[in-house]
Amino acid sequence: MSARDVRTGREYVSDALIRLPFRRSTPLVQLGQRAALAGVLLVLIVAMVWLDRDGYTDNSDGTVNLVDALYYSTVTITTTGYGDITPVALHSRLINAFIVTPMRITFLVLLVGTTLEVLANQGRRIYIDARWRKRMRNHVVVIGYGTKGRAAVQTMIRNEVDLTKVVVIDGQQRALDDASRDGVAALQGDATRRELLQRAEISKAREIIITLDRDDSAILTTLTVRRLNPSAHVVVACREHDNASLLRQSGADAVVTSSDAVGRLLGLSAVSPNLGTVIEDILSSGEGLEVFERLAAPDEVGRHPSEIEGEQVVAVVRNKTLRRFYDPAVAELQTGDHVIVVRQAPEDQ
């Protein structure tokens, strides 16, 4: 069963179908496998000609020996066909027409067609990879494309982030398929490996989001990422609160503790169901309330954050420093300030 991606319009196979694992082989191994199969076809033709040698004639001496059978099979299967050895018996010609000819076509498709395909695809992938890496600057790297990683990318999509500047790293093929359907470039492998991170041009990234399932893997990945890129803004999802300090020491600029966040939301819902509903509404996107950061408009400069109409300002970013709306330092907005607001989601307007 196939489905169509609403955003991209591309068709893809439904995930409801079973996805059996398979091993990816290198182009060299694929070429070796095809060469071996081609050799088997050649041996079969040689055997048939040798066993039926009385049905063939050689223009030089009239007889066909094993070397002649090998020679005839080689020039026949490669469609060279010099014509010095020919089948003369009726059954030999029928064998050539209905058995050798299909094997010849199979040989050409197998050895020539697929070989060219492997080499062309590999060359094309190398070219595309080199061109992609060359233009990657100030991009976003998402390490881990599970529920949290995909939600982060979906949020970027809704905020009109250029998807050509987003790359995903994950070890699971299913996650890479999801990233491809979302229109995001992806690399498969272990994010703790420096070589893989370097292929994602991690040293030139502007933002790095780490959403791995294990905190120890997140810590090791953060250490590796920070060593390769000391200036990027690194946000890490953490499962346990006790590991948050270790992640900050490893170089994370921000740590989001998923278990604590869920616990606080549950607690707020128990204290006040309405309060829990509002927080959940703000955390979700696409409807109701949403949190958004934007540049202060020219007509808002000189005004107090509370005077902005239609939106509720909760914080102001000035000179890359975050200040709450009640901070006296941001009593008047200035040119270049960024305001973080709670507003109505565009879909509900």
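Values in this document were obtained by computation on a predicted structure and should not be read as measured data. Position numbers for residues start from 1 in each chain and track the written sequence from start to end. Totals for whole chains, interfaces and linings use every residue, but because this is a predicted model, local features are given only for residues with pLDDT of at least 70 and side-chain atom pairs only at 80 or more, for both listing and counting. To obtain the side-chain values, all non-hydrogen atoms of the structure were included, while hydrogens and water were left out.

K.L.:
Would you mind going over the pairing of strand E13 (residues 321–324) in detail, with residue names and values included?
P.N.:
Think of it this way: DSSP has to see at least two bridges between two strands before they count as a pair. Numbering of helices and strands starts at the N terminus; helices are DSSP runs of H or I of at least 4 residues and strands are runs of E of at least 2. Pairing analysis gives 4 bridges linking strand E12 (residues 312–318) to E13, with the strands arranged antiparallel. Within E13, the residue paired with valine 316 across the bridge is arginine 323.

K.L.:
I'd like a description of the pattern of salt bridges, backed by residues and values.
P.N.:
Pairing between side chains of opposite charge can happen when the charged atoms of each approach one another. Here a salt bridge means any side-chain nitrogen of Lys or Arg lying within 4 Å of a carboxyl oxygen belonging to Asp or Glu. The full count for this structure, using the stated rule, is 12 salt bridges. Measuring nitrogen to oxygen at the nearest pair gives 2.8 Å for the salt bridge that ties arginine 226 to aspartate 253. Placement of the pair is arginine 226 in helix H7 (residues 215–228) and aspartate 253 in the loop between helix H8 (244–250) and strand E10 (254–257), with a sequence separation of 27 residues. You can call arginine 226 buried: its relative accessible area is 16%. The class for aspartate 253 is partly exposed, based on a relative accessible area of 44%. We note a salt bridge from aspartate 337 to arginine 318, for which the minimum N-O separation is 2.7 Å. Of this pair, aspartate 337 sits in the loop between E13 and strand E14 (338–344) while arginine 318 sits in strand E12; the two residues are 19 residues apart in sequence, bridging distant segments of the chain. No difference in accessibility class separates aspartate 337 from arginine 318, as the two residues are buried. The network of salt bridges with shared partners includes Arg150, Asp178, Arg181 and Asp182. Accessible area is worked out with a 1.4 Å probe on protein chains only. A residue is then buried under 20% of its type maximum, exposed over 50%, and partly exposed in between.

K.L.:
Any chance you could break down the nonpolar core for me, citing the residues and the numbers?
P.N.:
Residues belong to a common nonpolar core when they are buried Ala, Val, Leu, Ile, Met, Phe, Trp, Tyr or Cys residues joined through side-chain atoms within 4.5 Å. Judged by nonpolar contacts, the single largest core of 28 residues is most densely connected at Ile143, Ile169, Ile208, Ile210, Val225 and Leu247. Looking at this core, the elements that each hand over two or more residues are strand E5 (140–143), strand E6 (166–170), helix H6 (194–199), strand E8 (207–210), H7, strand E9 (233–238) and H8. If one sorts the elements of this core by residue count, H7 sits on top with 4 residues. A contact between two residues is defined here by any heavy atoms of the two lying within 4.5 Å. Not counting chain neighbours up to four residues away, the residues in contact with isoleucine 143 comprise Ile169, Ala191, Leu197, Ile208, Ile209, Ile210, Thr211, Leu212, Thr221 and Val225. Counting residues in each nonpolar core, the second largest holds 14 residues, with Val46, Val64, Ala69 and Phe107 among its members.

K.L.:
Report on the environment of asparagine 319, specifying residues and quantitative values.
P.N.:
As for its position among the elements, asparagine 319 is in the loop between E12 and E13. Taking the relative accessible area as the measure of exposure, asparagine 319 reaches 71% and is therefore exposed. For the pair asparagine 319 and histidine 338, spaced 19 residues apart in sequence, the C-alpha to C-alpha distance is 9.2 Å.

K.L.:
Account for the sheet that holds E13, naming residues and giving values.
P.N.:
Across the sheet, which stays open at both edges, the 4 strands sit in the order E11-E14-E12-E13 with antiparallel pairing between neighbours. Each having just a single partner strand, strand E11 (289–295) and E13 make up the two edges of the open sheet. Geometrically, the sheet is characterised by an average inter-axis angle of 25° between neighbouring strands, direction not taken into account. Fitting a line to C-alpha atoms yields each axis, with helices limited to the stretch in contact; the angle taken between N-to-C directions then spans 0 to 180 degrees.

K.L.:
Give me the lowdown on the pairing of E14, citing residues and values where you can.
P.N.:
With 5 of 7 residues buried, E14 lies mostly within the body of the structure. Note that E11 and E14 share 7 bridges and pair antiparallel. In the sheet register, phenylalanine 292 faces E14, and the bridge partner there is valine 341. The pairing of E12 with E14 spans 5 bridges and is antiparallel. When the bridges of E14 are listed, glutamine 312 appears paired with valine 342.

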